[in-house]
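# Commentary on secondary and tertiary structure
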Amino acid sequence: MRRLLLSILGGVCLLSAPTWASTRDLNLYDWIAVAPIVISAESLGEDGRFTEVRVQRVFRGDVSAGETLRLNVRRANHNRNIRSDPKAIVLAEGLEYLILLDRSTISRRSGTFELVRAVDGVRELPAEGADAWLSAIQRFVATQEAGDDRAVWDSIFGMLEAANPIVVRAALDLALKFDRGDPSIFVHLEQLLRVEEPVTRKKSVRLVGAILDRAKGELLPLHEGVFVALAAIARRDAEPEIRAAATESIAIFGSQAASRLIEDIAVADSDQRVRYAAERQLHDWRDGQSATV
């Protein structure tokens, strides 16, 4: 049951053997989802055909902190996609890495471990911010093992309150990818719409829009705080892409206040992309009104 949940939430099947090229941009939640063993470890350098590491932390799996493991990095390099990743990975001695592992039948006989996700099964911990990565992974593993679907999603939506931006962005990614969430999480999204970090603002705007769009035709109370936050973004955000997304989300409200705001944006915004997004919404509204006449 746990492997099934991880396969679904990770968006990748264990049997598909994804390459580095297809997984390089995954957030940490999706990246670790398919791995039976997730650790952080210090590289001890190469020992003949294999690379040795000393386990620092165990997030998931049947190994222990302080244990020395032999990794078949050579096989991962041999199986890599040369076009997308021409350089072989090397675990530099003395550095600490996040590593995804599995024990295949072959590796069990040789006493070694295979890298899950091939050459993308290793990520060097950043010199700054390592604690945020480690705490995020600890929380992600707990969520992935929370139990049934409802428990997993309750945990994911709880991540929206986290102080760790890595955790928050992962929750937004998952909700957008799987088209989940309802107006009950607006209380969290209202706060995220006001954060300084643009990636989080953009994802939050898109999630609000997706929730509003799914609720069209249903009894959806007007959440004034969300509308006010979206209006502020649509008018003043420094990023044109975020202003355009906020404009599209505002249009879903379908109110007179939304209509007046979008008309103003269609004329006054300094960026053509934003003006076009507003004009498109106005055009769609007029078409809809004509169809009802």
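It should be noted that the structure appears before, not after, this text.
The structure contained in this document is the topic of the report that follows.

About the thresholds
- Residue positions are counted from 1 within each chain, in the order its sequence is given.
- Note on the predicted model: pLDDT of at least 70 is required for a residue's local features to be given, and 80 or more for side-chain atom pairs to be given and counted; whole-chain, interface and lining totals, by contrast, use all residues.
- As a rule here, side-chain values come from all non-hydrogen atoms in the structure, and water together with hydrogens is ignored.
- Under the DSSP-based scheme used, a helix requires at least four consecutive residues in state H or I and a strand at least two consecutive residues in state E, with every element numbered from the N terminus.
- Burial classes: relative accessible area under 20% of the type maximum marks a residue as buried, over 50% as exposed, and values in between as partly exposed (1.4 Å probe, protein chains only).
- A 3.5 Å cut-off defines polar contacts: any pair of N or O atoms within that distance qualifies, except that in protein one atom must be a possible hydrogen donor and the other a possible acceptor, and neighbouring residues in sequence count only when both atoms are side-chain atoms.
- Working rule for contacts: check all heavy atoms of both residues, and any pair within 4.5 Å makes them a contact.
- Each aromatic pair joins two rings of Phe, Tyr and Trp (for Trp, the six-membered one) with centres within 6.5 Å, and gets the label stacked for planes under 30 degrees apart, edge-to-face for over 60, and tilted for any other angle.

### Some details on the side chain of Glu-114
- In this structure, Glu-114 sits in strand E5 (residues 114-115).
- Note on Glu-114: relative accessible area 12%, which makes it buried.
- A polar side-chain atom of Glu-114 sits 2.8 Å from a polar atom in the side chain of Arg-75.
- Not counting residues within four places of it along the chain, the set of residues in contact with Glu-114 comprises Asn-72, Arg-75, Leu-100, Leu-101, Asp-102, Ser-104 and Ser-107.

### A word on the packing of aromatic side chains
- Counting across every chain of the model gives four aromatic pairs.
- Arranged with centres 5.3 Å apart and planes meeting at 70°, the rings of Tyr-29 and Phe-140 form a pair that is edge-to-face. A residue pair is termed long-range when its members are at least 10 positions apart, and Tyr-29 in helix H3 (residues 28-32) and Phe-140 in helix H6 (residues 130-144) qualify at 111 residues.
- Between the aromatic rings of Trp-153 and Phe-178, the centroid separation amounts to 6.1 Å while the plane-to-plane angle is 75°, which identifies the pairing as edge-to-face. Here Trp-153 is found in helix H7 (residues 149-158), whereas its partner Phe-178 is found in the loop between helix H8 (165-177) and helix H9 (186-192), with 25 residues between them in sequence.
- Within the aromatic cluster, the residues linked to one another by ring pairs are Trp-153, Phe-157 and Phe-178.

Worth remembering: the numbers are spatial, not functional.
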